[in-house]
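Next come the chains, spelled out residue by residue.
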Amino acid sequence: MKDFLTIIDCPVEFLKDLLRISTRLKRLYTFGGNDPCLAGQTLAMLFEKPSLRTRISFQVAMTDLGGHPIYVKPEDIGGIGKREPVKDIARILSRYVDGIMARTFEHSTVTELAQYASVPVINALTDWSHPCQAMADVLTIEEHFDDIKGINIAFIGDGNNVARSLAFACAKLGMKMIVATPAGYELDTETIDRANQVSAGCIRQTHDPKEAVADAHIIYTDTWVSMGQEAEKQKRREDFAAFQVNAELVKTAPDHAKIMHCLPAYRGFEITDEIAESPKSIMFDQAENRLHFQRALLKKLMSQQS
Ligand code: CP
Ligand code: NVA
């Protein structure tokens, strides 16, 4: 694997290896160890959208591994694909740096970067997917439930980039997911078909949040208004009003159910403050695990060691 663009294209062993390396490096760094496997290497980080977790955790991960991250705002380079074509940016950066990560609107921007770059390209979120988030989430689930096999995730809200990457992670790693959305906001059938072709019946959709959480180990939600959808904010808030993760919904789930959110959380909309702050919430463990997973990803793609 040269690049990390979408979970559905990754071999299962590659994903499991990333989880194993994440756990090993998490332990190493927690006890004061150090693995400078990327000494002398540079990562270019291109962002078309805002970021707290992804930006800072990648910068820290790269630094932890002895390498050097460079953060690039689109305006610094005259826009990605505007001042010059994406394929030229990919080839030029490949002559300067050892890896590229990009957060873009169009998913085709990261696939084009990968096609033309001779160095690894990492998808740091597109409108279509968020694979680093989903893998950090799997790591978090594994830590809380010991084994991910047989885990049921209830995804409540928008059938968006985060839901899609989780669906692909479920398909590849032996979990199941029920996605509860309002009508018109479902995951597309191509996504469902691709996931179910890998693992038959792993993804199901409903319009009833209570049905989704009835047998859940994980209740997962994300913003109703993703970056780039701000003009639809009012309509979306009305359409999603019955899909809030709140005490009333959570009490219909099994006692062992944990609450997850990729963050940032819009409290009072997709999740209440009460539930976000409850002992069931593991969203800060998720956020922390972005760092641990991304150290593993950078090591695997850029050092070619495991
Ligand atoms: N969850 C996540 O990707 O957060 P940021 O947008 O802050 O990077
Ligand atoms: N679905 C959200 C995820 C943010 C991390 C978005 O794309 O804005």
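See the structure shown above.
So, here is what we can say about the structure in this document.

Rules used throughout
Residues numbered from 1 in each chain as written. Chains lettered and ligands numbered in written order. Predicted model: local features only at pLDDT ≥ 70, side-chain atom pairs only at ≥ 80, totals over all residues. Heavy atoms only, no water. Near = heavy atom within 4 Å. Polar contact = N/O pair within 3.5 Å; in protein donor to acceptor, adjacent residues only side chain to side chain. Nonpolar A, V, L, I, M, F, W, Y, C, P; charged D, E, K, R; others polar. Salt bridge = Lys/Arg side-chain N within 4 Å of Asp/Glu carboxyl O. Helix = DSSP H or I, 4+ residues; strand = E, 2+ residues; numbered from the N terminus. Buried < 20%, exposed > 50% of the residue type's maximum accessible area, 1.4 Å probe, protein only. Areas by Shrake-Rupley, 256 points an atom, 1.4 Å probe, with all protein chains shown as cover. Pairing = 2+ DSSP bridges. Axes fitted to C-alpha atoms, helices over the stretch in contact; angles between N-to-C directions. Contact = heavy atoms within 4.5 Å. Core = buried A, V, L, I, M, F, W, Y, C linked by side-chain atoms within 4.5 Å. Patch = residues over 30% accessible without salt bridge, like charges linked within 9 Å, V, L, I, M, F, W, Y side chains within 5 Å. Phe/Tyr/Trp six-rings, centres within 6.5 Å; stacked < 30°, edge-to-face > 60°. Lys NZ or Arg CZ within 6 Å of the ring centre and 35° of its normal.

**Comments concerning the site of ligand 1**
So, step 1. Within the structure, ligand 1 sits among Ser-51, Leu-52, Arg-53, Thr-54, Arg-103, His-130, Gln-133, Cys-262, Leu-263 and Arg-290.
So, step 2. Here an oxygen atom of ligand 1 sits 2.6 Å away from a polar atom, N or O, in the side chain of Thr-54.
So, step 3. Arg-290 has a polar side-chain atom sitting 3.1 Å from an oxygen atom of ligand 1.
So, step 4. Of the residues contributing to the shell around ligand 1, the split by class is three nonpolar, four polar and three charged.

**Concerning the pattern of salt bridges**
So, step 1. This model, assessed by the stated rule, comprises 18 salt bridges.
So, step 2. Among the salt bridges present, the one from Asp-9 reaches Arg-194, with a minimum N-O distance of 3.5 Å. One end of the pair, Asp-9, is in the segment before helix H1 (12–30); the other, Arg-194, is in helix H7 (residues 189–198), with 185 residues separating them in the sequence.
So, step 3. Between Asp-35 and Lys-299 there is a salt bridge whose closest N-O contact spans 2.8 Å. Of this pair, Asp-35 sits in the loop between H1 and strand E1 (42–47) while Lys-299 sits in helix H12 (residues 283–303); the two residues are 264 residues apart in sequence, bridging distant segments of the chain. Each member of the pair Asp-35 and Lys-299 is classed as buried.
So, step 4. Each of Glu-13, Asp-17, Arg-20 and Lys-300 takes part in a single network of salt bridges with overlapping partners.

**Examining the site of ligand 2**
So, step 1. In the vicinity of ligand 2, the contacting residues are Leu-125, Asn-160, Asn-161, Val-162, Asp-222, Thr-223, Ser-226, Met-227 and Leu-263.
So, step 2. Within the side chain of Asn-160, a nitrogen or oxygen atom sits 3.4 Å from a nitrogen atom of ligand 2.
So, step 3. The separation between a nitrogen atom of ligand 2 and a polar side-chain atom of Asp-222 is 2.7 Å.
So, step 4. Contact with the protein chains covers 95% of the free accessible surface of ligand 2, which is 270 Å².
So, step 5. Looking at the shell around ligand 2, its residues break down into four nonpolar, four polar and one charged.

**So, the sheet that holds strand E3 (residues 99–103)**
So, step 1. Within the open sheet, the four strands sit side by side as E2-E1-E3-E4. Their pairing is parallel. The sheet is open, and its two edges are formed by strand E2 (68–72) and strand E4 (121–123), each paired on a single side. The average angle at which neighbouring strand axes cross in this sheet is 20 degrees, direction not considered.
So, step 2. For E3 and E4, the ladder comprises three bridges, and the chain directions are parallel. The residue of E4 that forms the bridge with Met-101 is Ile-122.
So, step 3. Those strands touched by helix H2 (residues 53–64) are E1, E2, E3 and E4, and its axis lies near 175 degrees from that of E1.

**Let's talk about the sheet that holds strand E7 (residues 203–206)**
So, step 1. Strand order in the open sheet made by the five strands is E7-E6-E5-E8-E9, with parallel pairing throughout. Looking at the sheet topology across the chains shown, the edges are occupied by E7 and strand E9 (258–261). Averaged over all pairs of adjacent strands, the angle between their axes in this sheet comes to 20 degrees, without regard to strand direction.
So, step 2. Note that strand E8 (residues 218–221) and E9 share four bridges and pair parallel. Counterpart to Tyr-220 in the pairing with E9 is Met-260.
So, step 3. In this fold helix H5 (residues 131–145) packs onto strand E5 (152–156), E8 and E9, with an angle of close to 165 degrees to the strand it touches most, E9.

**Considering the nonpolar core**
In globular proteins that are soluble, nonpolar side chains generally tend to be buried together.
So, step 1. Counting 63 residues, the largest nonpolar core has Phe-4 and Leu-298 as the members making the most contacts within it.
So, step 2. Sort the elements by how many residues they give to this core and helix H6 (residues 161–173) lands first, with nine residues.
So, step 3. Counting 20 residues, the second largest nonpolar core, distinct from the first, contains Ala-212, Phe-243, Val-245 and Ala-253.

**Notes on the environment of Ala-242**
So, step 1. With respect to the secondary-structure elements, Ala-242 resides in the loop between helix H9 (233–239) and helix H10 (247–250).
So, step 2. Residue Ala-242 is classed as exposed on the basis of its relative accessible area, which comes to 63%.
So, step 3. Considering only alpha carbons, one finds Ala-242 and Glu-270, 28 residues apart in sequence, at a separation of 9.3 Å.

**Here we look at a nonpolar patch on the surface**
So, step 1. Taken together, the side chains of Leu-52, Ile-56 and Val-60 make up a nonpolar region of the molecular surface, amounting to roughly 250 Å² of accessible area.
So, step 2. Note on placement: Ile-56 falls in helix H2.
So, step 3. The exposure class of Ile-56 is partly exposed, given its relative accessible area of 40%.

**Considering the packing of aromatic side chains**
So, step 1. Tallied over the entire structure, the rule returns seven aromatic pairs.
So, step 2. Aromatic side chains Phe-155 and Tyr-220 sit 5.5 Å apart centroid to centroid with 20 degrees between the ring planes, which places their arrangement in the stacked category. You can see Phe-155 sitting in strand E5 and its partner Tyr-220 sitting in strand E8, a full 65 residues away along the chain.
So, step 3. Residue classification places Phe-155 among the buried positions, given a relative accessible area of 0%.
So, step 4. When the centroid spacing of 4.5 Å and the interplanar angle of 50 degrees are considered together, the rings of Tyr-185 and Phe-240 count as tilted. Within this pair, whereas Tyr-185 is found in the loop between strand E6 (176–180) and H7, its partner Phe-240 is found in the loop between H9 and H10, the two being separated by 55 residues in sequence. Both residues of the pair, Tyr-185 and Phe-240, belong to the buried class.
So, step 5. In textbook terms, an aromatic cluster arises when at least three aromatic residues are bridged by ring pairs, as seen for Tyr-185, Trp-224, Phe-240 and Phe-269.
So, step 6. Directly above the ring of Phe-269 sits Arg-237, whose terminal nitrogen or CZ lies 3.6 Å from the centroid.
So, step 7. Stacked on the ring of Tyr-29, the Lys or Arg Arg-295 has its end atom at 4.0 Å from the ring centre.

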